[in-house]
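Summary of the model geometry
Chain by chain, the residues run as shown.
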Amino acid sequence: MFWRVSGFTQPSPVEAALDRPNCTLEDLLPEDDLVQEVKSLNSRVLEFLSRPEAVSGLVRHLVAPPTPDADQGQALRLPFAACEVLCCEV
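Calculation criteria
Residues numbered from 1 in each chain as written. Predicted model: local features only at pLDDT ≥ 70, side-chain atom pairs only at ≥ 80, totals over all residues. Heavy atoms only, no water. Core = buried A, V, L, I, M, F, W, Y, C linked by side-chain atoms within 4.5 Å. Buried < 20%, exposed > 50% of the residue type's maximum accessible area, 1.4 Å probe, protein only. Helix = DSSP H or I, 4+ residues; strand = E, 2+ residues; numbered from the N terminus. Patch = residues over 30% accessible without salt bridge, like charges linked within 9 Å, V, L, I, M, F, W, Y side chains within 5 Å. Areas by Shrake-Rupley, 256 points an atom, 1.4 Å probe, with all protein chains shown as cover. Salt bridge = Lys/Arg side-chain N within 4 Å of Asp/Glu carboxyl O.

1. Here we look at the nonpolar core
Counting 18 residues, the largest nonpolar core has Leu18, Leu28, Leu29, Leu34, Val38, Val45 and Leu49 as its most contacted members. Those elements that place two or more of their residues in this core are α1 (13–19), α2 (25–28), α3 (34–39), α4 (43–49) and α6 (72–87). The element best represented in this core is α6, accounting for 4 residues.

Here it is in structure tokens:
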């Protein structure tokens, strides 16, 4: 299997975001692979998302209306991503 051969793996953008020293929830939520990483039980992602400030941020994105100056795409995408992460069965 090609994807199992070492040296040919694509690094996840979620892992790259977690490698940054000041990674925030807002850095992770726009990533397309976030839900996949959560469902695959990526320990680094789960550890980050289980922090109290991350959980409160996920809930905040669900219940708080977007700010008037927010980008329309992000205003819709971030609450949807937060909902998907919270609803994952892990």
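2. Quick look at a nonpolar patch on the surface
Taken together, the side chains of Val55, Val59, Leu62, Val63 and Leu86 present a nonpolar region at the surface, about 400 Å² in accessible area. Here the nonpolar patch gets 4 residues from one element, more than from any other, and that element is helix α5 (residues 52–63). Summarising the element assignment, valine 55 is placed in helix α5.

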